[in-house]
Amino acid sequence: MDYINQIFEHVKERDAGQLEFHQAVWEVLETLAPVIERNPQFREARILERLCEPDRAIQFRVTWLDDAGQVQVNRGFRVQFNNALGPYKGGLRFHPSVTLSIVKFLGFEQIFKNSLTTRPIGGAKGGSDFDPKGKSDTEVMRFCQSFMTELFRHVGPNVDVPAGDIGVGGREVGYLYGQYKRLTNRWEGVLTGKSYTWGGSLIRPEATGYGQVYFLREMLKARGQSIGGKTCVVSGSGNVSQYCVEKILHYGGKVVTMSDSSGFIHDPDGIDAEKLAWVMDLKNVRRGRIRDYVHAFPRASFHEDKNPWAVPCDIALPCATQNEIDTDDASTLVNNGCIAVSEGANMPSTPGAIQVYAAGRVAYGPAKAANAGGVATSALEMTQNAQFDAWSREQVDAELDRIMTNIYQQCVGAAEEYGNPGDLFVGANIAGFLRVANAMLDQGVV
Ligand code: NDP
Ligand code: 2IT
(Lines give C-alpha, C1' and ligand atoms only; values in the text may rest on other atoms or scores of the structure.)
(Ligands and ions follow the chains in the order given, each with its own letter.)
Protein backbone atom coordinates (compact mmCIF):
# COMPACT_ATOMS: atom_id res chain seq x y z
CA MET A 1 0.00 0.00 0.00
CA ASP A 2 1.43 3.35 -1.10
CA TYR A 3 0.60 5.12 2.13
CA ILE A 4 2.51 2.59 4.24
CA ASN A 5 5.48 2.63 1.86
CA GLN A 6 5.56 6.42 2.11
CA ILE A 7 5.71 6.29 5.88
CA PHE A 8 8.53 3.77 5.77
CA GLU A 9 10.48 5.82 3.22
CA HIS A 10 10.13 8.83 5.50
CA VAL A 11 11.41 6.86 8.51
CA LYS A 12 14.42 5.64 6.52
CA GLU A 13 15.20 9.16 5.31
CA ARG A 14 14.77 10.78 8.69
CA ASP A 15 16.57 8.08 10.71
CA ALA A 16 19.18 7.17 8.13
CA GLY A 17 21.51 4.39 9.22
CA GLN A 18 19.27 3.08 12.02
CA LEU A 19 19.02 -0.33 10.39
CA GLU A 20 17.64 -2.32 13.33
CA PHE A 21 15.00 0.36 13.87
CA HIS A 22 14.04 0.25 10.19
CA GLN A 23 13.73 -3.54 10.38
CA ALA A 24 11.46 -3.40 13.43
CA VAL A 25 9.29 -0.66 11.91
CA TRP A 26 8.87 -2.46 8.60
CA GLU A 27 7.95 -5.73 10.30
CA VAL A 28 4.99 -3.94 11.85
CA LEU A 29 4.05 -1.64 8.96
CA GLU A 30 4.02 -4.40 6.35
CA THR A 31 1.27 -6.21 8.24
CA LEU A 32 -1.02 -3.23 8.92
CA ALA A 33 -2.36 -2.40 5.44
CA PRO A 34 -5.71 -4.22 5.96
CA VAL A 35 -6.16 -2.47 9.31
CA ILE A 36 -5.59 0.97 7.83
CA GLU A 37 -7.93 0.21 4.94
CA ARG A 38 -10.71 -0.84 7.28
CA ASN A 39 -10.10 2.01 9.77
CA PRO A 40 -9.50 5.28 7.87
CA GLN A 41 -9.66 7.18 11.16
CA PHE A 42 -6.15 5.92 11.97
CA ARG A 43 -4.80 7.44 8.80
CA GLU A 44 -6.61 10.73 9.37
CA ALA A 45 -5.14 10.97 12.88
CA ARG A 46 -1.71 9.99 11.52
CA ILE A 47 -1.39 7.23 14.10
CA LEU A 48 1.34 5.37 12.19
CA GLU A 49 3.45 8.49 11.72
CA ARG A 50 3.11 9.27 15.43
CA LEU A 51 4.01 5.71 16.46
CA CYS A 52 7.24 5.81 14.43
CA GLU A 53 8.43 8.90 16.28
CA PRO A 54 9.29 8.35 19.96
CA ASP A 55 7.75 10.71 22.50
CA ARG A 56 11.33 11.50 23.52
CA ALA A 57 14.82 10.03 23.19
CA ILE A 58 17.27 10.84 25.97
CA GLN A 59 20.99 10.34 25.43
CA PHE A 60 23.56 11.08 28.11
CA ARG A 61 27.17 10.62 29.09
CA VAL A 62 27.97 8.15 31.85
CA THR A 63 31.32 8.85 33.49
CA TRP A 64 32.72 6.49 36.11
CA LEU A 65 35.99 5.40 37.74
CA ASP A 66 37.29 1.88 37.16
CA ASP A 67 39.15 -0.12 39.83
CA ALA A 68 42.48 1.22 38.58
CA GLY A 69 41.26 4.79 39.19
CA GLN A 70 40.97 5.52 35.45
CA VAL A 71 38.11 7.65 34.14
CA GLN A 72 35.76 5.71 31.85
CA VAL A 73 33.17 7.27 29.55
CA ASN A 74 30.08 5.45 28.23
CA ARG A 75 26.89 6.48 26.53
CA GLY A 76 23.46 6.04 28.13
CA PHE A 77 20.03 6.04 26.47
CA ARG A 78 16.36 5.99 27.37
CA VAL A 79 13.85 6.14 24.55
CA GLN A 80 10.31 6.76 25.77
CA PHE A 81 8.25 5.68 22.79
CA ASN A 82 4.60 5.77 23.68
CA ASN A 83 2.58 6.09 26.89
CA ALA A 84 -0.98 5.89 25.56
CA LEU A 85 -1.68 2.72 27.57
CA GLY A 86 0.29 3.40 30.75
CA PRO A 87 3.63 4.56 32.13
CA TYR A 88 6.58 3.90 29.81
CA LYS A 89 7.86 0.38 30.46
CA GLY A 90 10.75 -1.65 29.11
CA GLY A 91 14.18 -2.96 29.91
CA LEU A 92 17.73 -1.61 29.98
CA ARG A 93 20.42 -3.34 27.92
CA PHE A 94 24.11 -3.05 28.81
CA HIS A 95 26.17 -4.40 25.90
CA PRO A 96 28.94 -2.91 23.73
CA SER A 97 26.67 -3.17 20.67
CA VAL A 98 24.05 -0.78 22.11
CA THR A 99 23.31 2.24 19.86
CA LEU A 100 20.36 4.56 19.44
CA SER A 101 19.13 2.28 16.62
CA ILE A 102 19.15 -0.79 18.88
CA VAL A 103 17.34 1.03 21.68
CA LYS A 104 14.76 2.41 19.23
CA PHE A 105 14.04 -0.99 17.67
CA LEU A 106 13.53 -2.47 21.11
CA GLY A 107 11.43 0.48 22.33
CA PHE A 108 9.24 0.38 19.21
CA GLU A 109 8.55 -3.35 19.59
CA GLN A 110 7.87 -2.86 23.27
CA ILE A 111 4.83 -0.67 22.50
CA PHE A 112 2.99 -3.55 20.80
CA LYS A 113 4.26 -6.26 23.12
CA ASN A 114 3.12 -4.34 26.18
CA SER A 115 -0.23 -3.70 24.56
CA LEU A 116 -0.68 -7.46 24.03
CA THR A 117 -0.23 -8.10 27.76
CA THR A 118 -3.43 -6.03 28.33
CA ARG A 119 -1.73 -4.52 31.40
CA PRO A 120 -1.54 -0.69 31.65
CA ILE A 121 2.01 -0.19 30.36
CA GLY A 122 3.43 1.98 27.57
CA GLY A 123 6.58 1.25 25.56
CA ALA A 124 10.20 2.28 26.22
CA LYS A 125 13.73 0.91 26.23
CA GLY A 126 17.14 2.08 27.37
CA GLY A 127 20.67 1.00 27.96
CA SER A 128 24.32 1.67 27.46
CA ASP A 129 27.33 0.53 25.46
CA PHE A 130 28.88 -0.39 28.83
CA ASP A 131 30.10 -4.02 28.89
CA PRO A 132 29.58 -5.66 32.29
CA LYS A 133 31.70 -8.66 31.19
CA GLY A 134 35.00 -8.80 33.02
CA LYS A 135 34.08 -5.90 35.33
CA SER A 136 34.24 -6.24 39.11
CA ASP A 137 31.08 -5.85 41.21
CA THR A 138 32.32 -2.46 42.42
CA GLU A 139 32.89 -1.28 38.84
CA VAL A 140 29.39 -2.38 37.90
CA MET A 141 28.07 -0.57 40.98
CA ARG A 142 29.87 2.68 40.17
CA PHE A 143 28.67 2.50 36.57
CA CYS A 144 25.06 1.88 37.64
CA GLN A 145 25.21 4.74 40.15
CA SER A 146 26.48 7.13 37.50
CA PHE A 147 23.88 5.91 34.98
CA MET A 148 21.04 6.46 37.47
CA THR A 149 22.38 9.89 38.47
CA GLU A 150 21.14 11.10 35.08
CA LEU A 151 18.26 8.66 34.52
CA PHE A 152 16.47 9.34 37.81
CA ARG A 153 15.05 12.66 36.62
CA HIS A 154 13.29 10.94 33.70
CA VAL A 155 11.72 7.94 35.49
CA GLY A 156 9.26 7.18 38.29
CA PRO A 157 6.61 4.59 39.19
CA ASN A 158 3.89 6.46 37.23
CA VAL A 159 6.25 7.89 34.61
CA ASP A 160 8.67 5.28 33.32
CA VAL A 161 9.62 1.96 34.93
CA PRO A 162 12.81 0.33 33.55
CA ALA A 163 13.86 -3.30 34.11
CA GLY A 164 16.49 -5.77 32.89
CA ASP A 165 17.51 -7.00 29.46
CA ILE A 166 20.87 -8.26 28.10
CA GLY A 167 23.59 -7.50 30.64
CA VAL A 168 21.14 -6.16 33.23
CA GLY A 169 19.96 -8.65 35.85
CA GLY A 170 19.29 -8.67 39.58
CA ARG A 171 22.70 -7.24 40.50
CA GLU A 172 22.40 -4.23 38.19
CA VAL A 173 18.75 -3.55 39.12
CA GLY A 174 19.84 -3.55 42.78
CA TYR A 175 22.56 -0.94 42.26
CA LEU A 176 20.31 1.20 40.05
CA TYR A 177 17.53 1.07 42.64
CA GLY A 178 19.88 1.97 45.49
CA GLN A 179 21.03 5.10 43.69
CA TYR A 180 17.47 6.13 42.75
CA LYS A 181 16.45 5.79 46.39
CA ARG A 182 19.42 7.82 47.55
CA LEU A 183 18.74 10.62 45.05
CA THR A 184 14.98 10.86 45.62
CA ASN A 185 14.58 9.59 49.18
CA ARG A 186 11.67 7.50 47.91
CA TRP A 187 11.17 3.74 48.25
CA GLU A 188 8.87 3.06 45.33
CA GLY A 189 8.39 0.77 42.36
CA VAL A 190 10.59 2.65 39.90
CA LEU A 191 12.22 -0.52 38.57
CA THR A 192 11.04 -4.09 38.13
CA GLY A 193 13.12 -7.22 38.42
CA LYS A 194 13.96 -6.23 41.99
CA SER A 195 14.98 -8.84 44.52
CA TYR A 196 12.01 -10.49 46.23
CA THR A 197 13.10 -9.36 49.69
CA TRP A 198 12.79 -5.66 48.78
CA GLY A 199 9.85 -5.26 46.46
CA GLY A 200 10.43 -7.75 43.66
CA SER A 201 7.89 -10.27 42.44
CA LEU A 202 8.25 -14.02 42.67
CA ILE A 203 8.40 -15.58 39.18
CA ARG A 204 9.73 -12.37 37.53
CA PRO A 205 13.17 -13.97 36.97
CA GLU A 206 11.49 -17.02 35.43
CA ALA A 207 8.76 -15.16 33.57
CA THR A 208 10.17 -14.56 30.09
CA GLY A 209 11.36 -18.15 29.59
CA TYR A 210 8.28 -19.68 31.23
CA GLY A 211 5.98 -17.46 29.18
CA GLN A 212 7.80 -18.34 25.96
CA VAL A 213 7.13 -22.02 26.67
CA TYR A 214 3.48 -21.41 27.65
CA PHE A 215 3.07 -19.71 24.27
CA LEU A 216 4.77 -22.64 22.55
CA ARG A 217 2.46 -25.04 24.38
CA GLU A 218 -0.59 -23.18 23.01
CA MET A 219 0.78 -23.19 19.44
CA LEU A 220 1.44 -26.92 19.59
CA LYS A 221 -1.91 -27.67 21.22
CA ALA A 222 -3.69 -26.03 18.26
CA ARG A 223 -1.87 -28.53 16.02
CA GLY A 224 -2.71 -31.49 18.21
CA GLN A 225 0.89 -31.71 19.47
CA SER A 226 2.67 -31.25 22.80
CA ILE A 227 6.17 -30.50 24.12
CA GLY A 228 6.65 -33.94 25.73
CA GLY A 229 9.31 -35.98 23.93
CA LYS A 230 10.30 -33.17 21.54
CA THR A 231 13.96 -32.29 20.91
CA CYS A 232 14.60 -28.59 21.47
CA VAL A 233 17.47 -26.37 20.41
CA VAL A 234 17.98 -23.30 22.63
CA SER A 235 20.37 -20.39 22.06
CA GLY A 236 21.80 -18.20 24.81
CA SER A 237 22.52 -19.19 28.39
CA GLY A 238 21.33 -16.07 30.20
CA ASN A 239 18.15 -15.26 32.05
CA VAL A 240 15.66 -16.10 29.30
CA SER A 241 17.39 -19.29 28.15
CA GLN A 242 17.80 -20.71 31.63
CA TYR A 243 14.11 -20.57 32.49
CA CYS A 244 13.07 -21.56 28.98
CA VAL A 245 15.08 -24.76 29.46
CA GLU A 246 13.61 -25.27 32.94
CA LYS A 247 10.04 -25.08 31.63
CA ILE A 248 10.75 -27.30 28.61
CA LEU A 249 12.06 -29.94 31.05
CA HIS A 250 8.92 -29.50 33.16
CA TYR A 251 6.80 -30.42 30.12
CA GLY A 252 8.99 -33.44 29.28
CA GLY A 253 10.94 -31.98 26.34
CA LYS A 254 14.62 -32.63 25.69
CA VAL A 255 17.02 -29.66 25.33
CA VAL A 256 20.26 -30.43 23.50
CA THR A 257 21.96 -27.03 23.11
CA MET A 258 22.71 -23.75 24.88
CA SER A 259 25.10 -21.00 23.76
CA ASP A 260 26.81 -17.71 24.45
CA SER A 261 28.59 -15.22 22.23
CA SER A 262 31.60 -17.57 21.94
CA GLY A 263 29.73 -20.60 20.56
CA PHE A 264 27.30 -23.36 21.53
CA ILE A 265 27.38 -26.64 23.43
CA HIS A 266 25.64 -29.74 22.10
CA ASP A 267 24.69 -32.33 24.67
CA PRO A 268 23.13 -35.32 22.87
CA ASP A 269 22.02 -36.81 26.21
CA GLY A 270 19.99 -33.67 26.96
CA ILE A 271 20.50 -30.88 29.49
CA ASP A 272 18.67 -32.21 32.55
CA ALA A 273 17.80 -30.34 35.76
CA GLU A 274 21.16 -31.07 37.34
CA LYS A 275 23.11 -29.84 34.31
CA LEU A 276 20.88 -26.76 34.12
CA ALA A 277 21.66 -25.99 37.77
CA TRP A 278 25.34 -26.23 36.84
CA VAL A 279 24.82 -23.75 33.94
CA MET A 280 22.94 -21.37 36.25
CA ASP A 281 25.80 -21.41 38.73
CA LEU A 282 28.32 -20.96 35.89
CA LYS A 283 26.48 -17.98 34.39
CA ASN A 284 24.89 -16.28 37.40
CA VAL A 285 27.46 -16.84 40.15
CA ARG A 286 30.84 -17.64 38.55
CA ARG A 287 30.06 -15.53 35.43
CA GLY A 288 31.96 -18.04 33.26
CA ARG A 289 31.77 -19.17 29.62
CA ILE A 290 29.53 -21.91 28.22
CA ARG A 291 32.55 -23.72 26.71
CA ASP A 292 33.35 -24.93 30.25
CA TYR A 293 30.24 -27.15 30.10
CA VAL A 294 32.19 -29.81 28.19
CA HIS A 295 34.71 -30.12 31.03
CA ALA A 296 31.91 -30.86 33.49
CA PHE A 297 29.93 -33.04 31.04
CA PRO A 298 32.44 -34.64 28.62
CA ARG A 299 29.83 -36.32 26.39
CA ALA A 300 28.89 -32.82 25.18
CA SER A 301 30.79 -30.93 22.48
CA PHE A 302 31.60 -27.21 22.12
CA HIS A 303 31.33 -25.49 18.73
CA GLU A 304 33.27 -22.26 18.70
CA ASP A 305 31.77 -19.18 17.02
CA LYS A 306 28.80 -21.18 15.73
CA ASN A 307 25.10 -20.93 16.42
CA PRO A 308 23.09 -24.07 17.23
CA TRP A 309 20.53 -24.04 14.38
CA ALA A 310 22.14 -26.86 12.39
CA VAL A 311 21.55 -29.34 15.22
CA PRO A 312 18.45 -31.34 14.20
CA CYS A 313 15.43 -30.51 16.34
CA ASP A 314 11.64 -30.41 16.53
CA ILE A 315 11.53 -27.00 18.20
CA ALA A 316 13.84 -23.95 18.04
CA LEU A 317 13.93 -21.48 20.94
CA PRO A 318 16.14 -18.45 20.18
CA CYS A 319 16.94 -16.69 23.49
CA ALA A 320 20.13 -14.70 22.79
CA THR A 321 19.87 -11.64 20.54
CA GLN A 322 18.49 -9.95 17.40
CA ASN A 323 19.02 -11.45 13.94
CA GLU A 324 20.51 -14.66 15.26
CA ILE A 325 18.51 -16.80 12.78
CA ASP A 326 18.99 -15.81 9.12
CA THR A 327 17.41 -17.24 5.98
CA ASP A 328 19.95 -20.06 5.71
CA ASP A 329 19.60 -21.01 9.38
CA ALA A 330 15.81 -21.06 9.00
CA SER A 331 16.06 -23.26 5.90
CA THR A 332 18.32 -25.65 7.78
CA LEU A 333 15.82 -25.81 10.65
CA VAL A 334 12.94 -26.54 8.27
CA ASN A 335 14.91 -29.13 6.29
CA ASN A 336 15.79 -30.88 9.55
CA GLY A 337 12.10 -31.19 10.41
CA CYS A 338 11.63 -28.31 12.87
CA ILE A 339 7.89 -27.76 13.46
CA ALA A 340 7.88 -24.76 15.82
CA VAL A 341 9.85 -21.61 16.69
CA SER A 342 9.00 -19.62 19.81
CA GLU A 343 11.05 -16.45 20.24
CA GLY A 344 12.45 -15.55 23.65
CA ALA A 345 14.90 -12.98 22.29
CA ASN A 346 13.72 -9.77 20.64
CA MET A 347 13.71 -9.87 16.80
CA PRO A 348 15.92 -12.98 16.65
CA SER A 349 14.71 -13.95 13.16
CA THR A 350 15.59 -11.91 10.08
CA PRO A 351 12.73 -11.00 7.70
CA GLY A 352 13.99 -13.74 5.34
CA ALA A 353 13.88 -16.33 8.11
CA ILE A 354 10.28 -15.40 8.92
CA GLN A 355 9.33 -16.02 5.28
CA VAL A 356 11.02 -19.43 5.43
CA TYR A 357 8.94 -20.37 8.51
CA ALA A 358 5.75 -19.40 6.71
CA ALA A 359 6.65 -21.36 3.57
CA GLY A 360 7.62 -24.36 5.72
CA ARG A 361 4.38 -24.23 7.73
CA VAL A 362 6.38 -23.87 10.95
CA ALA A 363 4.33 -22.78 13.98
CA TYR A 364 5.93 -19.37 14.57
CA GLY A 365 5.55 -17.45 17.84
CA PRO A 366 6.91 -13.93 17.17
CA ALA A 367 8.88 -12.21 19.91
CA LYS A 368 6.30 -9.50 20.63
CA ALA A 369 3.88 -12.19 21.67
CA ALA A 370 6.03 -15.12 22.76
CA ASN A 371 8.41 -13.21 25.06
CA ALA A 372 5.82 -10.84 26.56
CA GLY A 373 5.69 -12.87 29.78
CA GLY A 374 8.67 -10.99 31.21
CA VAL A 375 7.18 -7.55 30.90
CA ALA A 376 3.71 -8.87 31.82
CA THR A 377 5.13 -10.11 35.12
CA SER A 378 6.91 -6.78 35.52
CA ALA A 379 3.46 -5.23 35.33
CA LEU A 380 2.33 -7.66 38.05
CA GLU A 381 5.32 -6.50 40.11
CA MET A 382 4.13 -2.89 39.63
CA THR A 383 0.67 -3.90 40.84
CA GLN A 384 2.11 -5.58 43.94
CA ASN A 385 4.29 -2.51 44.64
CA ALA A 386 1.30 -0.18 44.30
CA GLN A 387 -0.61 -2.38 46.76
CA PHE A 388 2.39 -2.77 49.11
CA ASP A 389 1.74 -6.47 48.76
CA ALA A 390 3.56 -9.63 47.65
CA TRP A 391 1.78 -12.50 45.93
CA SER A 392 2.63 -16.21 46.10
CA ARG A 393 4.54 -18.04 43.36
CA GLU A 394 1.39 -19.94 42.44
CA GLN A 395 -0.65 -16.75 42.07
CA VAL A 396 1.90 -14.99 39.85
CA ASP A 397 2.58 -18.08 37.73
CA ALA A 398 -1.13 -18.73 37.20
CA GLU A 399 -1.60 -15.11 36.12
CA LEU A 400 1.41 -15.35 33.77
CA ASP A 401 0.00 -18.50 32.19
CA ARG A 402 -3.40 -16.84 31.80
CA ILE A 403 -1.83 -13.76 30.16
CA MET A 404 0.25 -15.85 27.73
CA THR A 405 -2.73 -17.99 26.75
CA ASN A 406 -4.75 -14.83 26.23
CA ILE A 407 -1.99 -13.31 24.05
CA TYR A 408 -2.00 -16.45 21.93
CA GLN A 409 -5.77 -16.16 21.52
CA GLN A 410 -5.54 -12.46 20.63
CA CYS A 411 -3.00 -13.28 17.90
CA VAL A 412 -5.18 -16.04 16.47
CA GLY A 413 -8.29 -13.82 16.61
CA ALA A 414 -6.72 -10.76 14.95
CA ALA A 415 -5.07 -12.86 12.22
CA GLU A 416 -8.40 -14.46 11.43
CA GLU A 417 -10.35 -11.19 11.52
CA TYR A 418 -7.95 -9.46 9.14
CA GLY A 419 -7.68 -12.21 6.55
CA ASN A 420 -4.52 -14.14 7.56
CA PRO A 421 -5.84 -17.10 9.55
CA GLY A 422 -3.12 -18.89 11.52
CA ASP A 423 -0.46 -16.20 10.94
CA LEU A 424 0.54 -15.25 14.49
CA PHE A 425 3.14 -12.76 13.22
CA VAL A 426 0.44 -10.70 11.55
CA GLY A 427 -1.99 -11.33 14.41
CA ALA A 428 0.43 -10.12 17.10
CA ASN A 429 1.12 -6.87 15.25
CA ILE A 430 -2.54 -6.15 14.56
CA ALA A 431 -3.83 -7.00 18.04
CA GLY A 432 -1.01 -5.03 19.66
CA PHE A 433 -1.52 -2.08 17.34
CA LEU A 434 -5.30 -1.80 17.67
CA ARG A 435 -5.27 -1.28 21.45
CA VAL A 436 -2.62 1.46 21.25
CA ALA A 437 -4.13 3.13 18.19
CA ASN A 438 -7.60 3.34 19.75
CA ALA A 439 -6.13 4.77 22.96
CA MET A 440 -4.29 7.40 20.93
CA LEU A 441 -7.50 8.35 19.12
CA ASP A 442 -9.31 8.69 22.47
CA GLN A 443 -6.56 10.94 23.81
CA GLY A 444 -6.61 13.41 20.92
CA VAL A 445 -3.85 15.09 18.98
CA VAL A 446 -0.90 14.99 21.35
P1 NDP B 1 21.30 -12.13 29.42
O2 NDP B 1 22.30 -11.04 29.42
O3 NDP B 1 20.90 -12.77 30.69
O4 NDP B 1 21.77 -13.31 28.44
C5 NDP B 1 22.05 -13.03 27.11
C6 NDP B 1 22.55 -14.30 26.46
O7 NDP B 1 22.62 -14.10 25.05
C8 NDP B 1 23.95 -14.67 26.89
O9 NDP B 1 24.11 -16.06 26.81
C10 NDP B 1 24.80 -13.94 25.85
O11 NDP B 1 26.10 -14.48 25.69
C12 NDP B 1 23.98 -14.14 24.61
N13 NDP B 1 24.24 -13.04 23.68
C14 NDP B 1 24.03 -11.71 23.91
N15 NDP B 1 24.41 -10.99 22.86
C16 NDP B 1 24.85 -11.87 21.95
C17 NDP B 1 25.37 -11.72 20.65
N18 NDP B 1 25.50 -10.50 20.09
N19 NDP B 1 25.71 -12.85 19.98
C20 NDP B 1 25.59 -14.07 20.55
N21 NDP B 1 25.10 -14.28 21.80
C22 NDP B 1 24.74 -13.18 22.47
O23 NDP B 1 20.03 -11.51 28.66
P24 NDP B 1 18.52 -12.05 28.65
O25 NDP B 1 18.48 -13.51 28.76
O26 NDP B 1 17.75 -11.22 29.58
O27 NDP B 1 18.07 -11.59 27.18
C28 NDP B 1 18.16 -12.45 26.05
C29 NDP B 1 17.22 -11.98 24.95
O30 NDP B 1 15.88 -11.98 25.46
C31 NDP B 1 17.47 -10.56 24.46
O32 NDP B 1 17.13 -10.49 23.09
C33 NDP B 1 16.45 -9.74 25.26
O34 NDP B 1 16.12 -8.54 24.60
C35 NDP B 1 15.29 -10.71 25.28
N36 NDP B 1 14.28 -10.50 26.33
C37 NDP B 1 14.64 -10.45 27.64
C38 NDP B 1 13.66 -10.30 28.61
C39 NDP B 1 13.97 -10.32 30.06
O40 NDP B 1 13.04 -10.28 30.86
N41 NDP B 1 15.22 -10.41 30.47
C42 NDP B 1 12.25 -10.12 28.23
C43 NDP B 1 11.98 -10.26 26.83
C44 NDP B 1 12.98 -10.42 25.93
P45 NDP B 1 27.36 -13.71 26.35
O46 NDP B 1 27.22 -13.94 27.82
O47 NDP B 1 28.55 -14.33 25.74
O48 NDP B 1 27.21 -12.26 25.98
O1 2IT C 1 12.21 -7.01 26.19
C2 2IT C 1 11.56 -7.04 27.25
O3 2IT C 1 10.33 -7.18 27.25
C4 2IT C 1 12.29 -6.93 28.52
N5 2IT C 1 13.51 -6.87 28.50
C6 2IT C 1 11.53 -6.88 29.81
C7 2IT C 1 11.04 -5.49 30.06
C8 2IT C 1 10.39 -5.27 31.41
O9 2IT C 1 10.05 -4.11 31.66
O10 2IT C 1 10.22 -6.20 32.20
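Quick note: structure is the one above.
Residues numbered from 1 in each chain as written. Chains lettered and ligands numbered in written order. Predicted model: local features only at pLDDT ≥ 70, side-chain atom pairs only at ≥ 80, totals over all residues. Heavy atoms only, no water.

Draft legend 1. Quick look at the packing of helix α9 (residues 204–222) against helix α10 (residues 239–250). Taken N-terminus to C-terminus, the directions of α9 and α10 make an angle of 50 degrees; their axes are 7 Å apart at the nearest point. One way to sum up the angle between α9 and α10 is to call them oblique. Helix-helix and strand crossings are classified by hand; for α9 and α10 the assignment is right-handed. Along the contact surface, α9 presents P205, E206, T208, G209, Y210, Q212, V213, Y214 and L216, while α10 presents N239, V240, Y243, C244, E246, K247 and I248. Per-class residue counts for the contact of α9 with α10 are 9 nonpolar, 4 polar and 3 charged. (Axes fitted to C-alpha atoms, helices over the stretch in contact; angles between N-to-C directions. Helix = DSSP H or I, 4+ residues; strand = E, 2+ residues; numbered from the N terminus. Parallel < 35°, antiparallel > 145°, perpendicular 65-115°, else oblique. Left-handed = near helix turned anticlockwise from the far one by under 90°. Contact = heavy atoms within 4.5 Å. Nonpolar A, V, L, I, M, F, W, Y, C, P; charged D, E, K, R; others polar.)

Draft legend 2. Representation of helix α14 (residues 351–359) within the structure. Turning to α14, its buried residues are A353, I354, V356 and Y357. The buried residues of α14 occupy one face: seen down the axis, they fall within an arc of 155 degrees. Seen from the buried face of α14, the exposed residues on the opposite side, beyond 90 degrees, are Q355, A358 and A359. Within two residues after α14, R361 carries a phi angle of roughly 55 degrees, on the positive side. (Buried < 20%, exposed > 50% of the residue type's maximum accessible area, 1.4 Å probe, protein only. Arc of directions from axis to C-beta.)

Draft legend 3. Structural detail: the packing of helix α2 (residues 19–29) against helix α6 (residues 100–116). Packing of α2 against α6 brings their axes to within 6 Å, and their N-to-C directions diverge by 20 degrees. Considering their axes alone, α2 and α6 lie roughly parallel with respect to each other. Judged by residue contacts, L19, E20, F21, A24, V25, E27 and V28 of α2 engage S101, I102, K104, F105, F108, E109 and F112 from α6. Tallied by class, the residues present in the contact of α2 with α6 amount to 9 nonpolar, 1 polar and 4 charged.

Draft legend 4. Representation of the site of ligand 2 in the model. With respect to spatial proximity, 14 residues lie near ligand 2, and among them K89, Q110, K113, R204 and S378 are the closest. R204 places a side-chain nitrogen or oxygen 2.9 Å from an oxygen atom of ligand 2. Between ligand 2 and N346 there is a distance of 3.0 Å, counted from an oxygen atom to a side-chain nitrogen or oxygen. When isolated, ligand 2 has an accessible area of 300 Å², and the protein chains bury 94% of it. Secondary-structure elements contributing two or more residues to the shell around ligand 2 are β3 (88–94), α6 and α16 (373–386). Classifying every residue of the shell around ligand 2 gives 2 nonpolar, 7 polar and 5 charged. (Near = heavy atom within 4 Å. Polar contact = N/O pair within 3.5 Å; in protein donor to acceptor, adjacent residues only side chain to side chain. Areas by Shrake-Rupley, 256 points an atom, 1.4 Å probe, with all protein chains shown as cover.)

Draft legend 5. Layout of the environment of A316. Topologically, A316 is positioned in strand β10 (residues 315–317). Given a relative accessible area of 0%, A316 falls into the buried group. Taking the C-alpha atoms as reference points, A316 and C338, separated by 22 residues in sequence, lie 7.1 Å from one another. Not counting residues up to four positions away in its chain, the partners in contact with A316 are V233, W309, L333, C338, A340, V341 and S342.

Draft legend 6. Molecular detail of the packing of aromatic side chains. Throughout the structure, instances matching the rule amount to 24 aromatic pairs. Measuring from ring centre to ring centre gives 5.1 Å for Y177 and W198, while their planes differ by 35 degrees; the resulting arrangement is tilted. Of this pair, Y177 sits in helix α8 (residues 170–184) while W198 sits in the loop between α8 and α9, and the two are 21 residues apart along the sequence. Taken together through their ring pairs, the aromatic side chains of F60, W64, F94, F130, F143 and F147 make up a single cluster. Between the NZ or CZ atom of R286 and the centre of the ring of W278, over which it lies, the distance is 5.0 Å. (Phe/Tyr/Trp six-rings, centres within 6.5 Å; stacked < 30°, edge-to-face > 60°. Lys NZ or Arg CZ within 6 Å of the ring centre and 35° of its normal.)

Draft legend 7. Structural detail: the sheet that holds strand β6 (residues 231–234). Ordered by their spatial adjacency, 7 strands build an open sheet running β9-β8-β7-β6-β10-β11-β12, and the pairing between neighbours is mixed. Of all strands in the sheet, those with a lone pairing partner are β9 (301–304) and β12 (363–365), marking the two edges. Along the sheet, successive strands turn relative to each other by an average axial angle of 15 degrees, direction set aside. The pairing of β6 with strand β7 (residues 254–260) spans 3 bridges and is classified as parallel. When the sheet's bridge partners are listed, V233 is paired in β7 with T257. (Pairing = 2+ DSSP bridges.)

Draft legend 8. Fine view of the site of ligand 1. The environment of ligand 1 is made up of 25 residues, and the closest members are D165, T208, S261, R289 and N346. At 2.9 Å, a backbone N or O of V240 approaches an oxygen atom of ligand 1. Here ligand 1 loses 83% of its free accessible area of 880 Å² to cover by the protein chains. Contributing elements (two or more residues each) for the shell around ligand 1: α9, α10 and β7. By residue class, the composition of the shell around ligand 1 is 5 nonpolar, 13 polar and 7 charged.

Draft legend 9. View of the pairing of strand β2 (residues 71–82). Of the strand pairs in this sheet, strand β1 (residues 56–65) and β2 are connected by 10 bridges, and their pairing is antiparallel. Each residue of the ladder has a partner; that of F60, found in β2, is G76. Hairpin connection from β1 to β2: 5 residues lie between these consecutive antiparallel strands, with G69 at a positive phi of about 80 degrees. Relative to strand β4 (residues 123–128), β2 runs antiparallel, the two being bridged by 6 bridges. Within the sheet, the bridge partner assigned to F77 lies in β4 and is G127.

Draft legend 10. Molecular detail of the nonpolar core. Judged by nonpolar contacts, the single largest core of 113 residues is most densely connected at L48, F108, F215, L216, I248, I407 and F433. By residue number, the principal contributor to this core is helix α18 (residues 424–442), which donates 12 residues. Excluding its chain neighbours within four sequence positions, the residues that come into contact with F433 are L32, V35, I36, F42, I47, L48, L51 and F112. In this structure, W64, L151, V168 and V190 belong to the second largest nonpolar core, which totals 21 residues. (Core = buried A, V, L, I, M, F, W, Y, C linked by side-chain atoms within 4.5 Å.)

Draft legend 11. Expanded view of the pairing of β7. The element β7 is extensively covered by neighbouring structure, given that 6 of its 7 residues are classed as buried. With α10 bridging β6 and its parallel neighbour β7, the resulting β-α-β unit is right-handed. Two elements, β7 and strand β8 (residues 263–266), share 4 bridges in a ladder whose sense is antiparallel. From the neighbouring strand, S259 faces β8, where its bridge partner is F264. Between the end of β7 and the start of β8, which pair antiparallel, lie 2 residues. (Right-handed = clockwise from strand over helix to strand, strands pointing away.)

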